[in-house]
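Listed below, chain by chain, are the residues.
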There are 2 protein chains.
Amino acid sequence: MSVPQTIACLSVPFRTSRSLVACSRRVCCSSCLQLPARLRFASTGIVRISSTKPKTSTMSVPTIDRDYLDGLLKRRFFFAPAFDIYGGVSGLYDYGPPGCALQANIVDVWRKHFVLEEDMLEVDCTMLTPYEVLKTSGHVDKFADWMCRDPATGEIFRVDHLVEEVLESRLKGDKEARGQATEIPDGVEEKKRKKKVKEIKAVKLDDAVVAEYEEVLAKIDGYSGPELGELMKKYNIVNPATGGPLSEPLEFNLMFETAIGPSGQLKGYLRPETAQGQFLNFSKLLDSNNTKMPFASASIGKSFRNEISPRSGLLRVREFLMAEIEHFVDPLNKSHPRFPEVSDTKLRLLSKTTQQAGRTEVTEVTIGEAVQTGLVDNETLGYFLARIYMFLIKIGVDHNRLRFRQHMANEMAHYAADCWDAELHTSYGWIECVGCADRSAYDLTVHSNRTNEKLVVRQTLAEPLTVEAFEVELDKKKFGPKFKKDGKKIEQFLTTRTQCELEDLAKELSEKLKITADVDGVAAPVEIEKSIISIEKKTRLEHVREYTPNVIEPSFGIGRILYSMIEHNFWIRPESDQRAVLSFPPVIAPTKVLLVPLSNNEAFEPLMKELSRLLRRAGVPAKVDDSSATIGRRYARNDELGTPFGITVDFQSVQDRTVTLRERDSTKQVRGTVEQIITAVQRMVGQDAVPWEEGTKGLASFEAASE
Amino acid sequence: MSVPQTIACLSVPFRTSRSLVACSRRVCCSSCLQLPARLRFASTGIVRISSTKPKTSTMSVPTIDRDYLDGLLKRRFFFAPAFDIYGGVSGLYDYGPPGCALQANIVDVWRKHFVLEEDMLEVDCTMLTPYEVLKTSGHVDKFADWMCRDPATGEIFRVDHLVEEVLESRLKGDKEARGQATEIPDGVEEKKRKKKVKEIKAVKLDDAVVAEYEEVLAKIDGYSGPELGELMKKYNIVNPATGGPLSEPLEFNLMFETAIGPSGQLKGYLRPETAQGQFLNFSKLLDSNNTKMPFASASIGKSFRNEISPRSGLLRVREFLMAEIEHFVDPLNKSHPRFPEVSDTKLRLLSKTTQQAGRTEVTEVTIGEAVQTGLVDNETLGYFLARIYMFLIKIGVDHNRLRFRQHMANEMAHYAADCWDAELHTSYGWIECVGCADRSAYDLTVHSNRTNEKLVVRQTLAEPLTVEAFEVELDKKKFGPKFKKDGKKIEQFLTTRTQCELEDLAKELSEKLKITADVDGVAAPVEIEKSIISIEKKTRLEHVREYTPNVIEPSFGIGRILYSMIEHNFWIRPESDQRAVLSFPPVIAPTKVLLVPLSNNEAFEPLMKELSRLLRRAGVPAKVDDSSATIGRRYARNDELGTPFGITVDFQSVQDRTVTLRERDSTKQVRGTVEQIITAVQRMVGQDAVPWEEGTKGLASFEAASE
């Protein structure tokens, strides 16, 4: 089913929209390849901040009439602002029936593609999370953005966004003053265009100032809070609406806080990601897998972020659906048994070296090649990149608007081995929709250290290993009476020393005939004499290897994928600008079949009912539209809902039980018996759907009256 | 597949468990048919409190060894306390792989059974909910329990639970002192039994006091906070552990509170139910349904309740999955077009009249009869009761441990027409798992009044209706200049008067030649003279009828259903008390097929891989167990996971591609080719599964060595 997408889209005049104005740099032009979106703090353990961003691209991007698309999505209730009749709450959206079905179908494909296919262990963990857990993971301290407040009006701004918008507007004013064209795209309606131009104050800037502003903008995501405060002072940045002064930047934690239980004492948060629950249950999961390695767990559920100023529709919201995988693997062996199955998959990769050279062109290579050359760190990571690609293509993402961007060194935490984001191009720019990081042993290690619970794998070795190591021995008979209640703390102190520390202690013991140490929870320094303790290097055979597994984490933002995928499948029939189509693949289309009687003549009723029943039994979601609108109008309505097939019942149907079947994108029709048509539909929906030509082979083509 | 459940269960000695001690009245004996569970405040708009509770039953209840079951569920990671390695948080549970799959399968059946079958409009609304919405719905004011605090220790008690436990313990002490048997069941282990008896202080009470205590306990759910406070004083109820005094009862709202956005000004809650989102989107949903009535919306998602003292495992938790339907219907016509399809369904009903007579026996009648005799208020309500029944049976609930209990007058709000709960019997007693209420027009009305947004249906009348009504007319030329900026408020005042109020105003106008009114937002009383206003009764033809629909609301607590269903399907093979079985219906079993090679001989590998691949392609979730345990041990493990089928690969399989297929409950086996066995399995799982005898017809039965 090939769709003349680019051509059709170009036939629509480009218009601007309110949300576009609020976010003026994110128009779909090649000069604006920002990465406006942070999916999660991913591999870094902190809010990801990329200080060097690709500024140019060679990609030609189809233009989307976003006003029109927004209108369609609202009119058909794909989604809408939550609490609309109460005035709404920004950053919160409800999914209506088509959006909800689309989301459920994407999740269903995801579950089959990843969880069932790979025998992953799916868990469902709570969203309420106590303080301690998120303190350990680093979220309490570092999961924050910078904001500033207008003391006069109470308004709150996200500082990096504010600095960005003010400097950009000054640069536009400068261009205006110099008589250069401002960056308002040609397609913008004349009225809106005039309004936009009028808003820009034409003030010429010094050439040096222009250069300075441009440099700041290029680095805007890299500034710390205090640095942003300096910029505000230096460039006299105030409340753009009132001219009033603003406070110093304050750190604002993005987690929603609440109290668990009636005492109000147990502080908790709504989880900002689903991953922590999987790490905490690691030992139970390993047991569930009969202690076999490697294995993966998975989780699908809502996460929450109290964004300072949510914008860009579904792309930056306060409550969102995530699907996350934690693949636990031996750090010494990151090969993947099924890698050969995917190694020929070609991906469009944007490497860190390309980005560091200030360029953004993608290289299309097979994942086999990418792993072999070391561009992608290891087979398991590569395997998941290929599987993510296949998933995205299956649900209707455009290959040419999908790239994998590697994190640069300054985006990644010290422990991360490698990290790639699947980014989808939309009218807001390139959007990070899936992160895929090798997080090493970080998460399991911090939780294990905090709780003293071992989160490790014990591997029985085929051949025992000879190990040389310092060992501590205590004379229990003397140790116990001497240290009494402190004994346990001292013992724990000794058992948690590293080999290097033990070496030092052994030296001290042999030199001073005693060791002295500060032990947590014991007031005075502890002295232990040689008669009580021995610390010596010993050789022993190990039959079991104990290790903390590494984690490869593919993490999906379902709402972002859903929205980007909608843009990729949106087009307008060239013959009329009223007729928009959403060309969803049948497997994720909210409704698979539209059932339309020619008119509301009673004669059609029995056959309509029978068709409904047969389709339901065949497991094919169908909707009836027996309203009084014309057939063409009814089909147009369902083209906007992305319904791939339509069955029409007419007077001939009543006589001979034949019906027509229409394909959404081509509007081609065929005719056959009820049974033939249902069989054809069944073959064309579902996971392994066949294309129209194959599904309808042998059926007579049907010439409909012009729609 | 009939399971010898009762017999097998009785072969297990009855033991008590920790949670049983904490909740001693909720043992599964006939004297204890409490309704410990509140699913939501359902039809009342407040926490449901039933003051008269059935005290007896004629039902004989199978005994469950709950200690054993709890151990199994934890060992197999169906679910476990969340944040376990951090010490856990009470009332929060994580679902491990089998529990998560069970939950997903129940939700999948629910969606197909209700949403797809009835063409419902599914929505996915946010959990974060602003204060205003829940203020309007009544939750801010009334969704609360009573607690009291020990100022010395900081401990917090739920008052009704505390009074209940203290009085019960005194009654037990009295029985002990009188030399009567205490209520500890026979099966309890001798050691635990001695401990329990020791905990009871044998103090004899006056006969009058015993009678008083028993009366209080019978009415315990009916007391208000101040009344509970009086009881505490009267009976000198203190902290049972320390003997210290407790505070007066305080109201504790059960919603989790948080702040939305960076200002901290917008108060919000985590929703306590999913229903509000459906009410708020009513107009959009009606549009999505082409303005056709009746229709239903549905929603599946998490809700939250900050329970004071969560207990009883999954039955009273702080975060839980709900599935709710709002069926919108014309208040003048509550018939249901598909009622005839279900009218012969027999349900076990416990009517309010039976309960009011202090009895609890159920009557088994067809729903057709129940609606005809007026026992169930209307067809739509009856239709859903039957559909709820079919759903519960489909997912493995025991018909004999399921009853529909009607709410008594004092449980229902004034606006509710009728309300029935589907209750499932478990070792904790009867548990409310599904509520089904006719909520009249309450919800739409309160939100509409608060927001001034019409939440109504406009029905074009076939024949116009003649309506007599008072109408207001203003002389705009005089009105505007006179009232200036207050004009709008006065106009709104006039247009929102009821017919009765208008009649009074008309009278005032004709008598005093002016009207005087206090108008919201206008300082002085407003006077309008007859030259400006006319208020007269007029006759007009109405072509459109405008009405607020009524709502029938089936509301499902998925966690409670899941747990009760597990109990209904739990039994122990009579031949050995080590071998527990969970006899889940194949459609909801977490894994459908266990694949076991006879040993870990390499010869079996190719066929094992092929079987995995073929089952995956057939859409049948399967797991491999190639561990070194014996075949019997591996099957036993998977009986505990409820896996209905097992395929064994042996040396003969390698030669002739035949494998054996085992059925979990009967342990019967048949043998056939790989293709035959996969076809058989495919027919026996899924929504319209055929039973074992039919699925394996024609296959040779196979005599396995004893397991």
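Heads up: the structure comes first, above all this text.
Worth saying up front: this structure is predicted, and the values here are computed from it rather than measured. (Residues numbered from 1 in each chain as written. Chains lettered and ligands numbered in written order. Predicted model: local features only at pLDDT ≥ 70, side-chain atom pairs only at ≥ 80, totals over all residues. Heavy atoms only, no water.)

*Asks:* Explanation requested: the packing of helix α4 (residues 97-118) of chain B against helix α21 (residues 558-568) of chain B in the structure shown.
*Replies:* Packed helix pairs are characterised by how far apart their axes lie and by the angle those axes make with each other. Residues and elements named next belong to chain B. Axis separation between α4 and α21 bottoms out at 11 Å; the angle between their running directions is 110°. Classified by the angle between their axes, α4 and α21 sit roughly perpendicular to one another. The crossing of α4 and α21 is right-handed. Contacts between α4 and α21 involve Gly99, Leu102, Gln103 and Ile106 from the former and Ile558, Leu562, Met565 and Ile566 from the latter. Along the lines of polarity and charge, the residues of the contact of α4 with α21 split into six nonpolar, two polar and no charged. (Axes fitted to C-alpha atoms, helices over the stretch in contact; angles between N-to-C directions. Helix = DSSP H or I, 4+ residues; strand = E, 2+ residues; numbered from the N terminus. Parallel < 35°, antiparallel > 145°, perpendicular 65-115°, else oblique. Left-handed = near helix turned anticlockwise from the far one by under 90°. Contact = heavy atoms within 4.5 Å. Nonpolar A, V, L, I, M, F, W, Y, C, P; charged D, E, K, R; others polar.)

*Asks:* How should the relation of the copies chain B and chain A be read in this particular structure?
*Replies:* Think of it as a corkscrew move, a rotation about one axis and a shift along it, taking one chain copy to the other. Mapping chain B onto chain A is achieved by rotating through 180° and translating by 0.0 Å along the same axis, at an RMSD of 0.2 Å. Such a combination of rotation and displacement between the chain copies is what one expects of a two-fold axis. Of every C-alpha in chain B, the one belonging to Thr258 of chain B sits nearest the axis of rotation, 2.7 Å from it. Taken as a fraction of all interface residues of chain B, those also at the interface in chain A reach 100%, which identifies the copy contact as same-surface. (Least-squares fit on C-alpha atoms with pLDDT ≥ 70 in both.)

*Asks:* What's the story with the sheet that holds strand β7 (residues 250-253) of chain A in this structure? I'm lost.
*Replies:* For sheets, the rule is that strands pair by backbone hydrogen bonds, running either parallel or antiparallel. All names here are of chain A. A sheet is described by the order of its strands in space; here three strands give the open sequence β6-β5-β7, paired in antiparallel fashion. In the strand order of this sheet, the two ends are held by β6 (156-158) and β7, each with one partner. Pairwise comparison of adjacent strand axes, ignoring direction, gives a mean angle of 45° for this sheet. Packed on one face of the sheet, helix α7 (residues 159-177) meets β5 (144-149) and β6 and runs near 80° to β6. (Pairing = 2+ DSSP bridges.)

*Asks:* What is the right way to read the packing of aromatic side chains from this model?
*Replies:* In total, this model carries 38 aromatic pairs over all chains according to the counting rule given. Look at Phe114 of chain B and Phe391 of chain B: their rings are 5.7 Å apart centre to centre, the planes differ by 55°, and that puts the pair in the tilted class. Residue Phe114 of chain B is found in helix α4, and its partner Phe391 of chain B is found in helix α16 (residues 379-394); the two are separated by 277 residues along the sequence. For the pair Phe114 of chain B and Phe391 of chain B, one class covers both residues: buried. An aromatic cluster is built from Trp110, Phe114, Phe391 and Phe556 of chain A, whose rings are joined through pairwise contacts. The aromatic ring of Tyr428 of chain A is capped on one face by Arg66 of chain A, whose charged end is 3.6 Å from the ring centroid. Here the guanidinium or amino end of Arg497 of chain A rests over the ring plane of Phe493 of chain A, the centre of that ring lying 4.0 Å away. (Phe/Tyr/Trp six-rings, centres within 6.5 Å; stacked < 30°, edge-to-face > 60°. Buried < 20%, exposed > 50% of the residue type's maximum accessible area, 1.4 Å probe, protein only. Lys NZ or Arg CZ within 6 Å of the ring centre and 35° of its normal.)

*Asks:* What exactly am I supposed to notice about α4 of chain B here?
*Replies:* An α-helical turn contains 3.6 residues, so any two residues separated by three or four positions project in the same direction. All names here are of chain B. For α4, which comprises 22 residues, the first-to-last C-alpha distance of 31 Å matches the rise-based estimate of 32 Å (1.5 Å per residue) to within 8%. Within α4, the axis deviates most sharply at Arg111, by approximately 30°. Phi turns positive, to about 60°, at Asp119, one or two residues after α4. (Expected span 1.5 Å × (residues − 1). Bend = angle between axes of the 7 residues up to and from the residue.)

*Asks:* Help me understand the environment of Asp398 of chain A, please; the structure alone is not making it clear to me.
*Replies:* Among the secondary structure elements, Asp398 of chain A is positioned in the loop between α16 (379-394) and β14 (402-406). Considering only alpha carbons, one finds Asp398 of chain A and Leu424 of chain A, 26 residues apart in sequence, at a separation of 8.5 Å.

*Asks:* Looking at this structure, how should I read the sheet that holds strand β25 (residues 622-624) of chain A?
*Replies:* Residue and element names in this part refer to chain A. Overall, mixed pairing links the six strands, which are arranged β25-β24-β26-β27-β28-β29 in an open sheet. Here the strands that pair on one side only, and so sit at the sheet edges, are β25 and β29 (700-701). In the sheet, strand β28 (residues 669-673) pairs with β29 via two bridges, with the strands oriented antiparallel. Residue Val670 lies in a different strand from β29, and its bridge partner there is Ser701. Relative to the sheet, helix α22 (residues 605-617) contacts β24 (593-597), β25, β26 (645-649) and β27 (658-663), its axis offset from that of β24 by approximately 170°. Strands in contact with helix α25 (residues 674-684) are β24, β26, β27 and β28; relative to β28, the strand with the most contacts, it is inclined by about 125°.

*Asks:* Is there a simple way to think about the pairing of strand β28 (residues 669-673) of chain B in this case?
*Replies:* Sheet faces and side chains relate simply in a regular strand, where the side chains alternate between the two faces. Residues and elements named next belong to chain B. β28 sits mainly inside the fold: four of its five residues count as buried. Summarising the sheet, strand β27 (residues 658-663) and β28 pair through five bridges and their orientation is antiparallel. If you follow Thr658 over to β28, its bridge partner there is Thr673. In this antiparallel pair of consecutive strands, β27 and β28, the connection spans five residues, and Thr667 shows a positive phi of 55°.

*Asks:* Looking at this structure, how should I read the interface of chain B and chain A?
*Replies:* Note on interface size: it is often stated as the accessible area lost on association of the parts. With 76 residues of chain B in contact, the opposing surface of chain A contributes 76 residues. Where chain B meets chain A, there are ten salt bridges. Among the ionic pairs, Asp626 of chain A bridges to Lys292 of chain B, the shortest N-O distance being 2.8 Å. No other element matches the seven residues that α4 of chain B contributes to the side of chain B that touches chain A. (Salt bridge = Lys/Arg side-chain N within 4 Å of Asp/Glu carboxyl O.)

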